[in-house]
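Residue-level listing of the chains:
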Amino acid sequence: MPVPGQSEERRVHLVGVAPWRQAVDFYYNPDDDLDLDDLGFTFPARWAAGDLFVVVTTDSPSPAVIVVETTHHDSSDPDSYDQYLGPFDHGLSVAAVERRIGTPLPSAPATLDTASGERLIAAISAEEKSPTPWRELDERGCVAHSEPVEPYSRCACCGEWADEAPVLENHVLVDTQELEFFGYGPIVVCLTCHDLLHRPLAPSSDDLMFGFRPLCPRCSAMRTCQVVRGFPAGPPGPGTLLVGCDRSDPVTFEYRCGACEYEWTDDDDGYQPLPAEFDDDVVVRARIAPIPDGVYRPYSRTGEPGRVVIGRYAPRGPGPHSAAWGDAIHHELVGQDGRIYLVDPTTVRSAEPHTWETRQPWTGDI
Ligand SMILES: [Zn+2]
Ligand SMILES: [Zn+2]
Ligand SMILES: [Zn+2]
């Protein structure tokens with residue numbers, strides 16, 4: 001249906017984008033240290049002001065629309081685009097759009113005739129409002145080839161056991177990296193993780209598994225190993241470290257960073273409280289402060305409130321500009337990863353874990 005006020009001759013172009021992960025970062029990720037070096041768009045040769053660009057990933061496991069943009073300039077002018085629909089952070093399924101319009105889309109770059117273009121835009125709007133369930137498309141054949149899952153299984157991604165997540169299903173792995181990581185396929189996943197894995201621009205199943213774990217407090221690496229102590233019944237599985245039981249250790253590390261080898265536990269009580277006064281070169285541990293009311297901060301795992309970070313605590317008091325900035329003290333922490341974090345001052349502790357000597361006097365206290 002034509003949009004009121006829109007020229008009837010507007011054309012719709014398909015624009016290719018790759019690599020798709022960088023495209024998602026480009027439109028969505030607020031972090032400032034992104035690697036977008038390889039990001040490339042393929043445009044048709046000509047367009048007019050007011051035309052629409054449907055930006056489609058060309059290298060993702062299933063092709064996805066990432067955004068629809070428009071421009072005030074024609075192809076002879078410098079680039080400047082406005083978002084018209086989206087961006088869709090997890091992608092909008094091209095297969096679902098093709099099912100709605102009843103015909104496959106040409107591969108990008110391409111320019112559609114006016115009628116096909118309007119049908120495509122209408123289908124994208126409809127899909128945005130009410131996405132087609134992936135089970136109806138079943139592009140990987142997970143539904144078609146489903147087999148019963150053995151009892152006493154757990155979700156390979158979030159770790160829920162069958163009794164906590166009553167239904168587990170098989171998820172077919174198609175990516176060689178995923179197959180190498182898990183060493184087998186299909187993997188067993190819960191319904192929630194299965195739905196996440198079937199979003200058009202989904203994380204790989206190994207990335208989803210690591211997504212349930214905290215980032216490294218020291219270097220912010222995403223891939224952190226879970227430490228399992230003792231003698232579990234089965235093999236520990238990928239991303240898990242099996243260590244012997246050392247009962248003399250007062251702190252039980254839960255995680256180990258695969259990148260910098262830092263070991264830590266999420267339990268704040270495992271770390272020594274700081275004296276009232278301490279040198280500013282003391283390495284501390286703290287949790288990122290909640291986002292204040294009325295402040296918009298797009299989602300970023302690195303800056304996620306509550307995340308543990310370690311570094312130098314450097315609170316800044318109300319300075320000469322306090323009238324403009326309010327009287328609040330800025331509880332800054334200069335992270336060992338080089339980033340500056342605003343932390344919750346009540347969570348600041350020494351980054352040194354308790355030893356038996358330091359832990360004893362505090363037992364029963366606080
Ligand atoms: Zn799960
Ligand atoms: Zn699946
Ligand atoms: Zn690390």
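Residues numbered from 1 in each chain as written. Chains lettered and ligands numbered in written order. Predicted model: local features only at pLDDT ≥ 70, side-chain atom pairs only at ≥ 80, totals over all residues. Heavy atoms only, no water.

A.B. asks: Explanation requested: the packing of helix H2 (residues 94-101) against helix H3 (residues 114-129) in the structure shown.
C.D. replies: For any two helices packed against each other, the geometry is given by the interaxial angle and the distance between the axes. At their nearest, the axes of H2 and H3 sit 9 Å apart, and the two run at 120° to each other. In terms of orientation, H2 and H3 fall into the oblique class. When the axes of H2 and H3 are compared, the crossing they make is right-handed. Residues Ala96, Val97, Arg100 and Ile101 of H2 form the contact with H3, whose participating residues are Arg119, Leu120, Ala123, Ile124, Ala126 and Glu127. Classifying every residue of the contact of H2 with H3 gives seven nonpolar, no polar and three charged. (Axes fitted to C-alpha atoms, helices over the stretch in contact; angles between N-to-C directions. Helix = DSSP H or I, 4+ residues; strand = E, 2+ residues; numbered from the N terminus. Parallel < 35°, antiparallel > 145°, perpendicular 65-115°, else oblique. Left-handed = near helix turned anticlockwise from the far one by under 90°. Contact = heavy atoms within 4.5 Å. Nonpolar A, V, L, I, M, F, W, Y, C, P; charged D, E, K, R; others polar.)

A.B. asks: Sorry, what's going on with the coordination of the zinc ion (ligand 2) here?
C.D. replies: Note on metal geometry: ideal angles are 109.5 degrees for four donors arranged tetrahedrally and 90 or 180 degrees for six donors arranged octahedrally. The protein atoms that coordinate the zinc ion (ligand 2) are Cys142 (SG), His171 (ND1), His194 (NE2) and His198 (NE2), at distances of 2.0 to 2.2 Å. Taken together, the four donor atoms surrounding the zinc ion (ligand 2) define angles of 101 to 122° at the centre, an arrangement classified as tetrahedral. Positions of the donor residues of the zinc ion (ligand 2) along the chain correspond to the pattern C-x28-H-x22-H-x3-H. Taken together, the positions of Cys142 in the loop between helix H4 (134-137) and strand S8 (168-171) and His194 in helix H6 (residues 191-197) put the pair 52 residues apart, joining distant regions of the chain. Relative accessible area serves as the criterion here: at 1%, His194 is assigned to the buried category. (Donors = N, O, S within 2.8 Å, 3.2 Å for Na, K, Ca; no water. Tetrahedral: all angles 85-135°; square planar, octahedral: opposite > 155°, others 65-115°. Buried < 20%, exposed > 50% of the residue type's maximum accessible area, 1.4 Å probe, protein only.)

These figures capture arrangement, not role.
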